Amino acid sequence: MRRLPASSISLLQSLAEQFGLAIERLVAREDAQNHRQNLQGFFHALQDFVFVLNDLGEIQYVNPAVHAKLGYDDKLLGKSILAVHPERVHASAWMIVTDMLQGKRTSCPLPILRADGSELMVDTRIVHGRWNGKPALLGVSRDISEQRALEQALQQQRDTLRTLINTIPELVWLKDVNGYYLACNPAFEALFGHTEADIAGKTDFDFVDADLARYFRANDLAAIEAGHVTSNEEWLTFASDGHRALMSTCKTPMYSTDGTLQGVLGISHDITQRVAAEQALQSSLHEKEALLKEVHHRVKNNLQIISSLIRLEAGRTRQEEVKSVLGDMQGRIRSMALLHELLYRSPSLAEIDMGQYIRQLAMQVFSANVSKRAPVDLKIDITPVAANLDQAIPCGLLVNELITNALKHGFPESHSGSISVELHPVGESSLWSLSVSDSGIGLPEDFESKRQGSLGLQLASGLANQLGGALSVGPGTKFSVRFSIVEHAPAAVAA
Ligand SMILES: Nc1ncnc2c1ncn2[C@@H]1O[C@H](COP(=O)(O)OP(=O)(O)OP(=O)(O)O)[C@@H](O)[C@H]1O
Ligand SMILES: [Mg+2]
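Owing to the predicted nature of the structure, the values given are computational and were not obtained by experimental measurement.

Asks: Would you take a moment to explain unusual backbone geometry for this structure?
Replies: Glycine aside, negative phi is the norm for most residues, and most peptide bonds take the trans geometry. Cis rather than trans, the peptide bond between G474 and P475 has omega equal to 0 degrees. By secondary structure assignment, the location of P475 is in the loop between β16 (472-473) and β17 (478-484). A positive phi is found at N132, a non-glycine position, where the angle reads about 50 degrees. Within the secondary structure layout, N132 lies in the loop between β4 (119-131) and β5 (134-143). The exposure class of N132 is exposed, given the 9 C-beta atoms found within 10 Å.

Asks: How do you make sense of the nonpolar core when you look at a structure like this?
Replies: Membership of the largest hydrophobic core comes to 42 residues, with the highest contact counts inside it found for M354, L398, V399 and I403. Secondary-structure elements contributing two or more residues to this core are α9 (320-345), α10 (354-368), β13 (386-388), α11 (389-410), β14 (417-425), β15 (431-438), α13 (456-466) and β17. The biggest single contributor to this core is α11, with nine residues. A domain-level breakdown of this core finds at least three residues from each of domain 3 (274-349) and domain 4 (351-495). Dropping the residues within four chain positions of it, M354 is found in contact with I382, V385, A386, A387, A392, C395 and L423. V62, L70, I81 and V84 belong to the second largest nonpolar core, which has ten residues in total.

Asks: Even after reading the chapter, I still don't get the sheet that holds strand β6 (residues 171-176), so can you show me in this structure?
Replies: Strand pairing in a sheet is mediated by backbone hydrogen bonds. Such pairs are either parallel or antiparallel. The five strands are arranged β7-β6-β10-β9-β8 in an open sheet whose pairing can be described as antiparallel. Edge positions in the sheet fall to β7 (181-184) and β8 (230-237), since each of these pairs with one other strand and no more. Taken pair by pair, the neighbouring strands of this sheet meet at an average axis angle of 25 degrees, ignoring direction. Across six bridges, β6 lies against strand β10 (residues 261-270) in antiparallel orientation. Bridge pairing links D176 to G263 in β10.

Asks: Even after reading the chapter, I still don't get the pairing of strand β3 (residues 108-113), so can you show me in this structure?
Replies: Consecutive residues of a regular strand have side chains that alternate between opposite faces of the sheet. As paired strands, β3 and β4 are joined by six bridges and run antiparallel to one another. Bridging across to β4, I112 finds its partner in L120. Following β3, the chain reverses through five residues before pairing antiparallel with β4; G117 in that reversal takes a positive phi of roughly 95 degrees.

Asks: Please explain the sheet that holds strand β12 (residues 376-382) as it appears in this structure.
Replies: Strand order in the open sheet made by the five strands is β12-β14-β15-β17-β16, with mixed pairing throughout. Strands with a single pairing partner mark the edges of an open sheet, and in this sheet they are β12 and β16. Examined bridge by bridge, β14 and β15 share seven bridges and lie antiparallel to one another. What sits directly across from V421, in β15, is V436. Here α10 sits on the sheet and contacts β12 and β14; the angle it forms with β12, its principal contact strand, is near 170 degrees.

Asks: How should I be thinking about the environment of E422 in this particular structure?
Replies: On the secondary structure map, E422 appears in strand β14. For the pair E422 and I358, spaced 64 residues apart in sequence, the C-alpha to C-alpha distance is 9.5 Å. Residues within four places of E422 in sequence aside, it is in contact with D381, I382 and S435.

Asks: Is there a simple way to explain α10 in this structure?
Replies: Along an α-helix, residues three or four apart share an orientation, since each turn contains 3.6 residues. Over its 15 residues, α10 runs 21 Å from end to end, which matches the ideal 21 Å to within 8%, given 1.5 Å per residue. For α10, every residue scored as buried is listed here: M354, Y357, I358, L361, A362, V365 and A368. Buried residues along α10 cover an arc of 130 degrees about the axis, so they all sit on one side. For α10, the secondary structure elements touched by its buried residues are α9, β11 (351-353), β12, β13, α11 and β14.

Asks: Where do I start with the domain arrangement of the chain in this structure?
Replies: Accessible area lost upon the coming together of the parts serves often as the stated size of an interface. In terms of domain boundaries, the chain breaks down into domain 1 (45-149), domain 2 (168-270), domain 3 (274-349) and domain 4 (351-495). A C-alpha centroid distance of 99 Å is found between domain 1 and domain 3.

Cut-offs and rules
Residue numbers restart at each chain and count upward from 1, following the sequence in its written direction. In the order they appear in the text, chains get letters beginning with A and ligands get numbers beginning with 1. Restriction of local features to residues with pLDDT of at least 70 applies here, the model being predicted, together with a cutoff of 80 or more for giving and counting side-chain atom pairs; totals for whole chains, interfaces and linings are based on all residues. Each helix corresponds to a stretch of at least 4 residues labelled H or I by DSSP, and each strand to a stretch of at least 2 residues labelled E; elements are numbered beginning at the N terminus. Residue burial here comes from a neighbour count, namely the number of other C-beta atoms, placed from the backbone, that lie within 10 Å of the residue's own C-beta, with 20 or more meaning buried, 12 or fewer meaning exposed, and in between meaning partly exposed. By definition, a nonpolar core groups buried Ala, Val, Leu, Ile, Met, Phe, Trp, Tyr and Cys residues that are joined through C-beta atoms within 7 Å. An automatic or database domain assignment is the source of the domain bounds shown. By definition, residues are in contact whenever their C-beta atoms, placed on the basis of the backbone, come within 7 Å of each other. Pairing between strands is defined by DSSP: at least two bridges between them are needed. Inter-axis angles, ranging from 0 to 180 degrees, are taken between N-to-C directions of lines fitted to C-alpha atoms, where helices are fitted over the stretch in contact. For a helix, the expected span equals 1.5 Å multiplied by the number of residues minus one. What the arc measures is the spread of directions leading from the helix axis to the C-beta atoms.

Printed below as a string of structure tokens:
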């Protein structure tokens, strides 16, 4: 094989080197091309806004999201970045960007302008870099308008809640499970004489004496133990101005949605004035009661005086008929006097125990007629019931009239027997039956005509009507009336 001359070999070597370099350059160019395409694809796919600024702040590049979402065309290139910001933020925008470039802040929430002039809130990050070989600022902005709206709504809710808690005049506070304050409202601040910022993170022991702090803590623990709201009344001194107030305090254990105990919510209400008003009302009520008792006492005394006057008058006459009429009058007056006596002795001035009244009334009538009396038994059977004055008076007068009649007409000197007085409810209704019967000689044959000419039974009929019923006679010597007793339920009286 013929060897090539040395000059040809060196030419070939040089050619090969050139060829090799050309291939290397070609490969490098292809790599760069691929790289550029990759980057472009990446920027296209990004939903965030990508932009590049030169050192004058002029836009050199924006990714397609800027066009698609903000509505700008290519005219944006070369314009100042301030052109896409509302004028009011121009001054602050550069300061924020500068701070960020110096690493003083990481986030830059600013509004930017869409092509149609509307605003969009974005958070921007900017770094130093190079673009086309020159120093540049590389930035990425993310649309945070939705997040902002959510944050604002949340903040608004928090503000509303806070305003509500701050506005209510009650003391409101929150402590954690260990008794450390988490929050309180201005009304509570007045109690400790410190601001919420001073109170938060501290316990009662930092503000009140140890005994009181222990008492507060015991109440907190009682609420936690109970697992529901507990309340107590306490006299507290307000550190803000030294005034003392009687407070009604409710403590409620607070649980998170997963049921974990979070702490205790306290709400305290000033009841000083209300309690003072209640006490004033109570003492005024006592005064009125005392006055009313005094009135009943005097009415009873006056009735007794009238009764005595009638007795004196009866003593002066020799006519038996007049004596008897005056005696009956005395009985009627005494039955009313007895009622007033019972009223001023009873705990309730509005109601009277009918059993007690009728029993005493019957005995009174018996003892007043003792001289004429044969051995007659008195049987009283009464279902306990209380009635008001309006019903007790006619009942008393009616019973007085009927027992007087029984003693006067049913039992002549030698005749003995019994008189029964009964008061019972009738069935399930509110109706009651009051009756007076006797085992005496019975009604005379001319009873109907007699009762027309006399006062007693006519009075009894009138009283029965007054009670809302009618006087019925029979069977035998029995007089009765049905009427409804208005019973006062204790709650209704209190209301
Ligand atoms: N329990 C009775 N037993 C027998 N007779 C009676 C009885 N109750 C009333 N009477 C008769 O009915 C009459 C009418 O009674 P009423 O009470 O109206 O008059 P009074 O008793 O005679 O007189 P007053 O007007 O003073 O009461 C009586 O006179 C008596 O004859
Ligand atoms: Mg009579």
